[in-house]
Amino acid sequence: KYISAYPVIDASNYELCLKYVGDMVELIGKVYEVKKGKTKYGKPYTFINFGDWRKDIVKISIWSEGLSEISQKPDDSWIGKWISVSGLMEPPYISKYKYAHLSIAISKNNQLHILSDKDARYRLGTFCGIQEKSSYPENSNQALIEEIRKKDTQRIYQKQSTASSNEAILNKMRNQTIQTNTNKTQNTIQNSTQNTIQNTSLPGLRIIFIILVLIIIFVLIL
């Protein structure tokens, strides 16, 4: 059984490789093209592409420092061959033409190895089918980030729920206070009205009673 120090990833599976950005991996793929060039400072570089460079692909970047370290220099004779590369999966480079490239940079000779077809397929068959079942590799940086995000989301939700609950309680207290004050105001108005009527009616009745008594006395005298 093949034992690797890192997760073994299929270089032709861009979406799967994207999940391992920031992780050390062993990348296995068939070379699609080898592109050589020079930087604007005149330093040589070599890209080993695992797909059409105009699409979202994974590639190997070998800058001038790396080229001076490796014993086997990639060229067109590598096209169609299987290779294994161990290193850090770097964040994607997104061009102005909207294609994206993931890459691993080579800085040491022992990072890059040519594999036989049988060996490459054996390594991929052993590991990659398992890796694709999970969204993120166990203990990867992405898994930890996702866990932190979930916890932050839960804390925010709990804070929002607590705030909503407290707000509901405050609103209930405000409504109760307003209702109590309204009831008190209504009772005060009713009591004031009744007292006014009572205070107004009693003197009027006395006057009417006195007038009636005077009329009766006057009639009796006559």
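Residues numbered from 1 in each chain as written. Predicted model: local features only at pLDDT ≥ 70, side-chain atom pairs only at ≥ 80, totals over all residues. Heavy atoms only, no water.

**Student:** Help me understand the nonpolar core in this model?
**Tutor:** Soluble globular proteins tend to bury their nonpolar side chains together. One finds Leu27, Ile48, Ile60, Ile62, Ile83, Met89 and Leu112 to be the most contacted residues of the largest nonpolar core, which totals 27 residues. At the level of secondary structure, the elements contributing two or more residues to this core comprise α1 (14–18), β2 (24–30), β5 (57–62), β6 (82–88) and β8 (100–105). What leucine 112 contacts, discounting residues up to four positions off in sequence, is Ile48, Ile62, Trp78, Ile83, Ser84, Val85 and Ile106. Grouped together as the second largest cluster of nonpolar side chains are seven residues, Val8, Trp82, Leu115 and Leu124 included. (Core = buried A, V, L, I, M, F, W, Y, C linked by side-chain atoms within 4.5 Å. Buried < 20%, exposed > 50% of the residue type's maximum accessible area, 1.4 Å probe, protein only. Helix = DSSP H or I, 4+ residues; strand = E, 2+ residues; numbered from the N terminus. Contact = heavy atoms within 4.5 Å.)

**Student:** Explain the side chain of serine 95 here, please?
**Tutor:** Positionally, serine 95 belongs in the loop between β7 (90–94) and β8. Serine 95 sits in the buried class, given a relative accessible area of 6%. Of note is the side chain of serine 95, whose polar atom sits 3.1 Å from the backbone nitrogen of tyrosine 97. (Polar contact = N/O pair within 3.5 Å; in protein donor to acceptor, adjacent residues only side chain to side chain.)

**Student:** Got a minute to help me understand the sheet that holds β7 in this structure?
**Tutor:** Sheet strands pair by backbone hydrogen bonding; their relative direction is either parallel or antiparallel. Pairing is mixed across the open sheet formed by five strands, whose spatial order is β3-β4-β5-β8-β7. At either margin of the open sheet sits one strand with a lone partner, and together these are β3 (33–38) and β7. Between one strand axis and the next, the sheet turns by 30° as a mean value, whatever way the strands run. Sheet topology places β7 next to β8; three bridges connect them, and they run antiparallel. Looking at β8, one finds that isoleucine 94 is bridged to alanine 100. (Pairing = 2+ DSSP bridges. Axes fitted to C-alpha atoms, helices over the stretch in contact; angles between N-to-C directions.)

**Student:** For this particular structure, what's the right way to read unusual backbone geometry?
**Tutor:** Peptide bonds are trans in most cases, and residues, glycine excluded, mostly fall at negative phi. One non-glycine residue, lysine 98, lies in the positive phi region at around 80°. Here lysine 98 shows up in the loop between β7 and β8. Accessibility expressed as a relative area gives 69% for lysine 98, which makes it exposed.

**Student:** What's the story with the pattern of salt bridges in this structure? I'm lost.
**Tutor:** Pairs can form between side chains of opposite charge once their charged atoms are near each other. The full count for this structure, using the stated rule, is four salt bridges. Between aspartate 52 and arginine 54 there is a salt bridge, with the nearest N and O atoms lying 3.1 Å from each other. What makes arginine 54 exposed here is its relative accessible area of 56%. The partner of arginine 121 in a salt bridge is aspartate 117, and the shortest N-O contact between them spans 3.1 Å. Pair noted here: arginine 121 and aspartate 117 are both in helix α3 (residues 117–131), with a separation of four residues, about one helical turn. Residue class for arginine 121 comes out partly exposed when judged on its relative accessible area of 47%. Looking at aspartate 117, the relative accessible area reads 37%, which means it is partly exposed. The structure contains a network of salt bridges with shared partners spanning Glu26, Asp119 and Arg123. (Salt bridge = Lys/Arg side-chain N within 4 Å of Asp/Glu carboxyl O.)

None of this, on its own, says anything about what the molecule does.
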